[in-house]
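Read off the chains here:
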Amino acid sequence: MEAVRDLELDLDSFEGPFDLLLTLVLKDEVGLGDVEVAGVVLTFMERLAERESPDLEACGEFLVLMAALLELKARGLFPDEDEFAFDDLDPEEAAGELAERLALYRRFKAAAGWLEERLEAESDRYFRLGPAPLAPIPERPLAPQEPAALATALRALAAEPPEPSLRHLELRFPPVSLFLDRFRAVLRRRRRFDFDTEVGSLSRIEQAVAFLALLELRKAGEIKLGQPAPFEPITVWSAAA
Amino acid sequence: MTGALRLVENPVDRLARTIEALLVIAPSPLTIEELAAASEDETERVETALGLLASRYREGRSGIVLEHVSGGYAFRAAREAADACSRLVERPVQRGLSQAALETLAVVAYLGPVSRPEIARIRGVAADSAVAGLVERGLIAEAGRESEGGAVRYRVTPLFERVFGLSSLSELPRLDDLAADGDDLRTRLEEVAGRRGA
């Protein structure tokens, strides 16, 4: 019979040679709690049954290894060794206690299995549970896109934007003389005019300059000004009239 | 004499409508006693009215089903509407319960009120994380402290019974009936040993 360590195992938690399983357990890469010892024993027994005569050496090695494995596993079942003084018990009592705990755990593991099956069977039961959170909105996949359209859009974004114009911020002061000439020409034609009407279509800067021109004409004595009240229309007469 | 025909209303019908309203607004299952107290009626008549409602609200006849769950009565969605329900709401309580959580839940369901050290003693590993997760899901809750040591004890909640569709914890199977696989294993070992001996 081949060495026990080469025994090929096919367990729920592990698949491979027994030797590798032991190595992984000792390195804590496989939880001993997950190792199904009965499965290991069964595999060995089946291998043994295939032989015509028993391999006592292999049996002995197997027993030693399994005893070590079971001791490790049993220790794992007593996380707080102070709570349960194993040493105070004689071997038979300890074995009995251990068997009892294993049997109890097996029952609760089976109960957990029953709960899992029940949960599955009841998976189509819905009931109100306070304010239920809304299910996430399913992701809507994007419609097929043309790469060329994406490139065009990116190209437009990458282009340098035009320089912003500041023309509207520029202040242009027309010469006062322009309005002096203009008002003199108007007074030659009409004798009097309404200042607000005359400059109504001009910009505020132009209106200010026009007003300066008006003051200049008044200062020179060329015109007379009249205003019934503050902020009322200003009337302009020729002083020669 | 007025002579006008008047339909005589069955008083149980009226009580059934009241119970229907109570069950609609209740956030958890209501017992017969709670229904009787709220509707100011007798428990026997409440039971009769519930029977009437159960025949009206049942699978295949209505989208709402009246069920006896967690020691009381509650409305739930009909199973045929489960797909539509799943698109509307999530089931955070039930989703992704790990093996450790299920084992812890089983211990609390059968032995509760039970403390974390007791759970750890049975399972062989610390139960802190599993207990915290189950408390967060609302499946177990604190139920006082141990007289010695003062460890917090836990019990399952009515939500547990509702999620698992149990009318009460007595519906849980007997623990002794569940661990039959041990005998199967023993039988298989004996079979192998028998082949070896033959």
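Residues numbered from 1 in each chain as written. Chains lettered and ligands numbered in written order. Predicted model: local features only at pLDDT ≥ 70, side-chain atom pairs only at ≥ 80, totals over all residues.

Student: Before we move on, could you go through the overall build of chain A and cite the residues and values that matter?
Tutor: Within chain A, the regular secondary structure consists of eight helices and five strands. Mapped from its N terminus to its C terminus, chain A presents α and β elements in the order β-β-α-α-α-α-α-α-β-α-α-β-β. When the 241 residues of chain A are sorted by exposure, 12% land in the buried category. Residue pairs at least 24 apart in sequence account for 53% of intrachain contacts in chain A once pairs closer than 6 positions are excluded. (Helix = DSSP H or I, 4+ residues; strand = E, 2+ residues; numbered from the N terminus. Buried ≥ 20, exposed ≤ 12 C-beta atoms within 10 Å, placed from the backbone. Contact = placed C-beta atoms within 7 Å.)

Student: Break down the overall build of chain B for me, citing the residues and quoting the values.
Tutor: Scanning chain B from N- to C-terminus turns up ten helices and five strands. Within chain B, the fraction of its 198 residues that count as buried is 29%. Nonlocal contacts in chain B, meaning residues at least 24 apart in sequence, comprise 50% of its contacts between residues at least 6 apart.

Student: Can you tell me about the sheet that holds strand β5 (residues 152–156) of chain B, naming the residues and giving the values?
Tutor: Where strands meet in a sheet, backbone hydrogen bonds hold them as pairs that are either parallel or antiparallel. Residues and elements named next belong to chain B. Pairing is antiparallel across the open sheet formed by three strands, whose spatial order is β3-β5-β4. With partners counted over all chains shown, the strands left at the sheet margins are β3 (114–115) and β4 (140–145), one partner each. Where β4 lies against β5, four bridges are found, and the strand directions are antiparallel. Its bridge partner being in β5, Ala 141 is matched across the sheet by Arg 155. (Pairing = 2+ DSSP bridges.)

Student: Please provide a residue-by-residue account of the pairing of strand β5 (residues 235–238) of chain A, values included.
Tutor: Residues in a regular strand point their side chains to alternate faces of the sheet. All names here are of chain A. Pairing of strand β3 (residues 192–194) with β5 involves three bridges; the strand directions are antiparallel. The residue bridging Asp 194 from the neighbouring strand is Thr 235, located in β5. In this sheet, β5 lies alongside strand β4 (residues 223–226) in antiparallel orientation, the contact comprising four bridges. Along β5, the bridge assignment pairs Leu 225 with Val 236.

Student: Help me get a handle on the sheet that holds β5(A), residues and values and all.
Tutor: Residues and elements named next belong to chain A. Within the open sheet, the three strands sit side by side as β3-β5-β4. Their pairing is antiparallel. Where the open sheet ends on each side, the last strands, each with one partner, are β3 and β4. Adjacent strand axes in the sheet meet at a mean angle of 20 degrees, parallel and antiparallel pairs treated alike. (Axes fitted to C-alpha atoms, helices over the stretch in contact; angles between N-to-C directions.)

Student: Lay out helix α5 (residues 147–158) of chain A with the relevant residues and their values.
Tutor: For α5(A), spanning twelve residues, the distance from its first C-alpha to its last is 16 Å, which sits close to the expected 16 Å at 1.5 Å a residue. Burial of α5(A) is sparse: only zero of the twelve residues sit out of reach of the surface. (Expected span 1.5 Å × (residues − 1).)

Student: Give a description of the packing of helix α5 (residues 99–111) of chain B against helix α6 (residues 116–123) of chain B that names residues and reports values.
Tutor: Packed helix pairs are characterised by how far apart their axes lie and by the angle those axes make with each other. Residues and elements named next belong to chain B. Two elements in contact, α5 and α6, have axes separated by 10 Å at closest approach and are oriented at 120 degrees. Between α5 and α6 the crossing geometry is right-handed. Only Ile 119, Ile 122 and Arg 123 of α6 make contact with α5, whose side of the interface consists of Glu 103, Thr 104 and Val 107. Grouping the constituent residues of the contact of α5 with α6 by class yields three nonpolar, one polar and two charged. (Left-handed = near helix turned anticlockwise from the far one by under 90°. Nonpolar A, V, L, I, M, F, W, Y, C, P; charged D, E, K, R; others polar.)

Student: Tell me about the nonpolar core, residues and numbers included.
Tutor: Membership of the largest hydrophobic core comes to 31 residues, with the highest contact counts inside it found for B:Leu105, B:Ala106, B:Val108, B:Leu139, B:Ile140 and B:Phe160. Of all the secondary-structure elements, those providing two or more residues to this core are α4 (91–121) of chain A together with α5, α6, α7 (128–137), β5 and α8 (158–163) of chain B. Here the element with the most residues in this core is α5(B); it accounts for seven residues. Excluding anything up to four places from it in sequence, B:Phe160 contacts B:Ala109, B:Leu139 and B:Ile140. Of all hydrophobic cores here, the second largest spans 15 residues; its members include B:Ile19, B:Leu30, B:Leu35 and B:Leu53. (Core = buried A, V, L, I, M, F, W, Y, C linked by C-beta atoms within 7 Å.)

Student: Let's hear about helix α1 (residues 11–25) of chain B: which residues, and what values?
Tutor: All names here are of chain B. Taking 1.5 Å of rise per residue, 15 residues should cover 21 Å, and α1 covers 22 Å from first to last C-alpha, within 8% of that figure. Along α1, the residues that are buried comprise Leu 15, Ala 16, Ile 19 and Leu 23. The arc that holds the buried residues of α1, viewed along the axis, is 105 degrees, so those residues lie on one side. Among the exposed residues of α1, those oriented more than 90 degrees off its buried face are Asp 13, Ala 21, Val 24 and Ile 25. Those residues of α1 that are buried are in contact with α2 (32–39), α3 (43–56) and β2 (72–77). (Arc of directions from axis to C-beta.)

Student: Could you give an account of the packing of α1(B) against α2(B), with specific residues and numbers?
Tutor: All names here are of chain B. Interhelical geometry of α1 versus α2 gives an angle of 110 degrees and a closest axis separation of 10 Å. When the axes of α1 and α2 are compared, the pair comes out roughly perpendicular. Crossing geometry of α1 relative to α2 is assigned as right-handed. On α2, the residues that touch Leu 15, Thr 18, Ile 19 and Leu 22 of α1 are Leu 35, Ala 38 and Ser 39. Taken together, the residues of the contact of α1 with α2 break down into five nonpolar, two polar and no charged. (Parallel < 35°, antiparallel > 145°, perpendicular 65-115°, else oblique.)

Student: Describe the environment of A:Val186, with residues and values.
Tutor: Residues and elements named next belong to chain A. When you line up the elements, Val 186 lands in helix α6 (residues 176–190). Residue Val 186 is classed as partly exposed on the basis of its C-beta count, with 15 C-beta atoms lying within 10 Å. Considering only alpha carbons, one finds Val 186 and Glu 198, twelve residues apart in sequence, at a separation of 9.5 Å. Not counting residues up to four positions away in its chain, the partners in contact with Val 186 are Phe 193 and Glu 198.

Student: Mind laying out unusual backbone geometry, listing which residues take part and the relevant values?
Tutor: All names here are of chain B. With omega at 0 degrees, the peptide bond leading from Gly 112 into Pro 113 counts as cis. One can find Pro 113 in the loop between α5 and β3. Notably, Glu 40 is not glycine yet its phi reads approximately 50 degrees, a positive angle. Note on Glu 40: 8 C-beta atoms within 10 Å, which makes it exposed.

Student: Which residues make up the confidence of the model for chain B, and what values go with them?
Tutor: All names here are of chain B. For chain B, per-residue confidence averages 84 on the pLDDT scale, and 85% of positions sit at 70 or higher. Within chain B, the element-level pLDDT minimum falls on helix α10 (residues 181–197), averaging 57, and the maximum on α3, averaging 94. With a pTM of 0.52, the predicted complex shows an ipTM of 0.76. (pLDDT = per-residue confidence, 0-100.)

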